[in-house]
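Understanding the architecture of this molecule
One-letter residues, chain by chain:
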Amino acid sequence: MRRGKMVLTCLVIGVTGILCGWYGRKLLDDQTIDFSLQKEGSENVEWESKKPEAAKSTLKNVKKCWLCGNDNRSMMGYLRKFDDLGIICVNDWYVMDFQIRNRDEEGNLIGSQGHSSMTTVGNGKEACFFQTNRNSDRGISEISVEPGKESVLNVTRIKSHLCQNCLDKVLETMETYGAVGEPAKPVDLCLVDFKTLELYPLQEQNRSYYIRDYYVRIEPKEQEVDVMAVYAPVQENAE
Ligand SMILES: [Zn+2]
Ligand SMILES: [Zn+2]
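Description of the structure in this document. (Residues numbered from 1 in each chain as written. Chains lettered and ligands numbered in written order. Predicted model: local features only at pLDDT ≥ 70, side-chain atom pairs only at ≥ 80, totals over all residues. Heavy atoms only, no water.)

With distances of 2.2 to 2.5 Å, the protein atoms coordinating the zinc ion (ligand 2) are Cys89 (SG), Cys128 (SG), Asp188 (OD) and Asp188 (OD). Viewed at the metal, the four donor atoms of the zinc ion (ligand 2) are separated by angles of 54 to 141 degrees, and the geometry they form is irregular. Each donor residue of the zinc ion (ligand 2) belongs to the same chain, and together they define the spacing C-x38-C-x59-D. Of this pair, Cys89 sits in strand E3 (residues 85-89) while Cys128 sits in the loop between strand E5 (117-122) and strand E6 (129-135); the two residues are 39 residues apart in sequence, bridging distant segments of the chain. (Donors = N, O, S within 2.8 Å, 3.2 Å for Na, K, Ca; no water. Tetrahedral: all angles 85-135°; square planar, octahedral: opposite > 155°, others 65-115°. Helix = DSSP H or I, 4+ residues; strand = E, 2+ residues; numbered from the N terminus.)

This is the structure we're talking about:
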């Protein structure tokens, strides 16, 4: 009897351990939702992943690339000096920076400033509408984006402004899931790390990322997507 109890206890602890291990791994990984699994068994709708077709860059002077180069029309030349993340509205090439931590014009950390800030930026009715809610004193910043009618990726609008490498990177972030046979409609948004120039998808299925010292949580709502970035370095202090 006693032995039976012990075996049961061991079993419970074992299973809990495995579950905790699994959940821990889930938390550590970048997360995406598997739409094909979610949809299984519902109304015979077959889902598939859709990747945009490769496109050829028509930019002649690669130094003017809107992501890795310098051009008056792109904020990237200025924003690259900041250790920060941002969201790009790709069609209009509008870049909104999170300002996760307070920094001066040169990108140096300036510590707590005793205030938070909110801004709204819209680029016409049809384009993406941005709202920011920054608490840089705490290393937390949220950007909400409401896509408009014109917010479906338009490759024609960007291929003459990005070098081939950057155009490929942008297109790689535009994978979507949808019913078989239906045209893909990727929203023209992606996340950018100003330090590495890595791009991260912000489509329907993406939920979170760990990017260097930052954690990013993506929450799609009916009309908008809320993206929160937090300064969350690995804890190294031990007592
Ligand atoms: Zn480039
Ligand atoms: Zn947009």
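After that view of the structure, there is still more to cover.
The next subject is the sheet that holds E3. Spatial strand order, E4-E3-E9-E10: four strands in an open sheet with antiparallel pairing. The two strands at the open ends of the sheet, each matched to only one other strand, are strand E4 (94-97) and strand E10 (199-201). Across the sheet, the mean angle from the axis of one strand to that of its neighbour is 30 degrees, orientation sign disregarded. (Pairing = 2+ DSSP bridges. Axes fitted to C-alpha atoms, helices over the stretch in contact; angles between N-to-C directions.)

Moving on, we get to the coordination of the zinc ion (ligand 1). Bound to the zinc ion (ligand 1) are the protein donor atoms Cys65 (SG), Cys68 (SG), Cys163 (SG) and Cys166 (SG), situated 2.3 Å from the metal. Seen from the zinc ion (ligand 1), its four donor atoms lie at angles of 103 to 115 degrees, and the figure they make is tetrahedral. In the primary sequence, the donor residues of the zinc ion (ligand 1) line up as C-x2-C-x94-C-x2-C. Note on Cys166: relative accessible area 2%, which makes it buried. (Buried < 20%, exposed > 50% of the residue type's maximum accessible area, 1.4 Å probe, protein only.)

Of all the positions in helix H5 (residues 164-172), only Cys166, Leu167, Val170 and Leu171 are classed as buried. Down the axis of H5, the smallest arc covering the buried residues is 135 degrees, so these residues share one side. Opposite its buried face, H5 presents the exposed residues Asn165 and Glu172, each directed more than 90 degrees away. Buried residues along H5 sit against helix H4 (155-158) and E10. (Arc of directions from axis to C-beta. Contact = heavy atoms within 4.5 Å.)

Mapped onto the fold, Glu106 is located in the loop between E4 and E5. The exposed category is assigned to Glu106, whose relative accessible area is 55%. Measuring from C-alpha to C-alpha, the distance between Glu106 and Lys169 comes to 27 Å, with 63 residues separating the pair along the chain.

For Asn91, the position within the fold is in the loop between E3 and E4. A distance of 2.8 Å separates a polar atom in the side chain of Asn91 from the backbone oxygen of Val152. Once residues lying within four places of it in the same chain are set aside, the contact partners of Asn91 are Glu150, Ser151, Val152, Leu153, Asn154, Arg157 and Asp188. (Polar contact = N/O pair within 3.5 Å; in protein donor to acceptor, adjacent residues only side chain to side chain.)

With that out of the way, let us pick up the packing of aromatic side chains. One pass over the full model with this rule turns up six aromatic pairs. With a centroid separation of 5.3 Å and an interplanar angle of 55 degrees, the aromatic rings of Tyr200 and Tyr209 are classed as tilted. Classification of Tyr200 by relative accessible area gives buried; the value is 17%. What makes Tyr209 buried here is its relative accessible area of 5%. Note that Arg101 overlies the ring of Tyr231, its terminal NZ or CZ placed 3.7 Å from the centroid. (Phe/Tyr/Trp six-rings, centres within 6.5 Å; stacked < 30°, edge-to-face > 60°. Lys NZ or Arg CZ within 6 Å of the ring centre and 35° of its normal.)

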